[in-house]
Amino acid sequence: MGIIETQYDLEKDLTVVKATGKMIADDFHNWTDQYYRGTVTNVVLWDIVQADLSELKTDDIRDDAKRTEGLADGRSGGRTAIVTGNALEYGMSRMLEAFYDLESVPFEVQAFHTIDEAMQWLGVKD
């Protein structure tokens with residue numbers, strides 16, 4: 001079970017999420033459920049550079065997209081950037097992009113190799 005830490009910068013309408021350790025599907029499901037019951041921002045930055053996603057399967061990623069689609073109306077038009085640390089996490093993040101598209105999740109998702117690229121795409125300035 002991995003660790004997910006969440007920080008908010010409400011002036012920038014930004015949530016920064018950092019995942020570390022060996023992640024399982026329930027880690028993400030629990031975070032998603034909790035997040036959408038609380039403070040929701042238009043832009044989200046996921047830092048998974050120190051996360052190990054090797055336990056996740058394609059069905060887990062598809063299920064995440066379905067779960068999020070049912071909760072995410074409040075983020076319509078928003079953006080989520082995922083910063084990855086290696087080829088596996090980048091590929092899985094790209095797969096998540098595709099599943100979010102298929103499920104018509106009401107915000108954009110894109111994977112990046114650096115936080116700077118992600119912040120630029122999110123439109124967040126320092």
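Use the structure listed above.
Quick summary incoming for the structure in this document. (Residues numbered from 1 in each chain as written. Predicted model: local features only at pLDDT ≥ 70, side-chain atom pairs only at ≥ 80, totals over all residues. Heavy atoms only, no water.)

Concerning the nonpolar core
Residues Trp 46, Ile 48, Leu 53, Tyr 100 and Phe 107 are the most contacted members of the largest nonpolar core, which totals 25 residues. Those elements that provide at least two residues to this core are β2 (14-22), α1 (25-37), β3 (43-52), α2 (58-69) and α3 (87-102). Of all the elements, α1 adds the most residues to this core, at five residues. In contact with Leu 53, other than residues within four places in its own chain, are Met 23, Phe 28, Ile 48, Leu 88, Glu 89 and Met 92. If you look at the next biggest cluster of nonpolar residues, it comprises 11 residues, including Ala 81, Val 83, Met 119 and Leu 122. (Core = buried A, V, L, I, M, F, W, Y, C linked by side-chain atoms within 4.5 Å. Buried < 20%, exposed > 50% of the residue type's maximum accessible area, 1.4 Å probe, protein only. Helix = DSSP H or I, 4+ residues; strand = E, 2+ residues; numbered from the N terminus. Contact = heavy atoms within 4.5 Å.)

A closer look at the pairing of β2
Pairing analysis gives seven bridges linking strand β1 (residues 3-9) to β2, with the strands arranged antiparallel. Bridge pairing in β2 places Ile 4 opposite Ala 19. Hairpin connection from β1 to β2: four residues lie between these consecutive antiparallel strands, with Asp 13 at a positive phi of about 55°. Following the chain from β2 across α1 to the adjacent parallel β3, one finds a crossover that is right-handed. (Pairing = 2+ DSSP bridges. Right-handed = clockwise from strand over helix to strand, strands pointing away.)

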